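The primary structure of each chain is shown beneath.
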Amino acid sequence: MIFIAILIGCIAGALIGINVPMISYTYSSYLAIAIIAALDSVFGGITSVINKNFNLKIFVTGFFGNAILAILLTILGQKLNVDIYLAAIVVFVGRMFVNLAIIRRYYVDKWSNMIKHKDKK
């Protein structure tokens, strides 16, 4: 089921990406930091599902809150002529790696346990 959703998402993303016009250089930094912040929220949501403490309100507010905060940091940095958005990138990407490590460990343990149960039979 999840593989079908991933496949549909990949196909939809490819079709949208082909048909959407190019984003101007002026707005590309805003979009990039917003995407990184949103991906951080997605990985955090997957991790909370694995830990069985997912809350939709927290996920949605974190998704939009992180993206808006990252965009505001980018705007502030451009006004001050300082690359403040790099701090947001470091934090969000660091959290994504931590969440990805948790997700990876969960599925490696699940796969290992499944193999052990097959060997016992």
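Residues numbered from 1 in each chain as written. Predicted model: local features only at pLDDT ≥ 70, side-chain atom pairs only at ≥ 80, totals over all residues. Heavy atoms only, no water.

Draft legend 1. Local environment of the packing of aromatic side chains. Here the structure, examined in full by the defined rule, presents five aromatic pairs. Between Y27 and Y30 the ring centres are 6.5 Å apart and the planes differ by 40°, which places this aromatic pair in the tilted class. Here Y27 pairs with Y30, and both are found in helix α2 (residues 25–50), just three residues apart, close to one helical turn. Y27 sits in the exposed class, given a relative accessible area of 52%. For the ring pair F63 and F64, a centre distance of 5.2 Å and an interplane angle of 85° mean the geometry is edge-to-face. You can call F63 partly exposed: its relative accessible area is 24%. Cluster of aromatic residues (ring-pair linked, three or more members): F54, F59, F63 and F64. (Phe/Tyr/Trp six-rings, centres within 6.5 Å; stacked < 30°, edge-to-face > 60°. Helix = DSSP H or I, 4+ residues; strand = E, 2+ residues; numbered from the N terminus. Buried < 20%, exposed > 50% of the residue type's maximum accessible area, 1.4 Å probe, protein only.)

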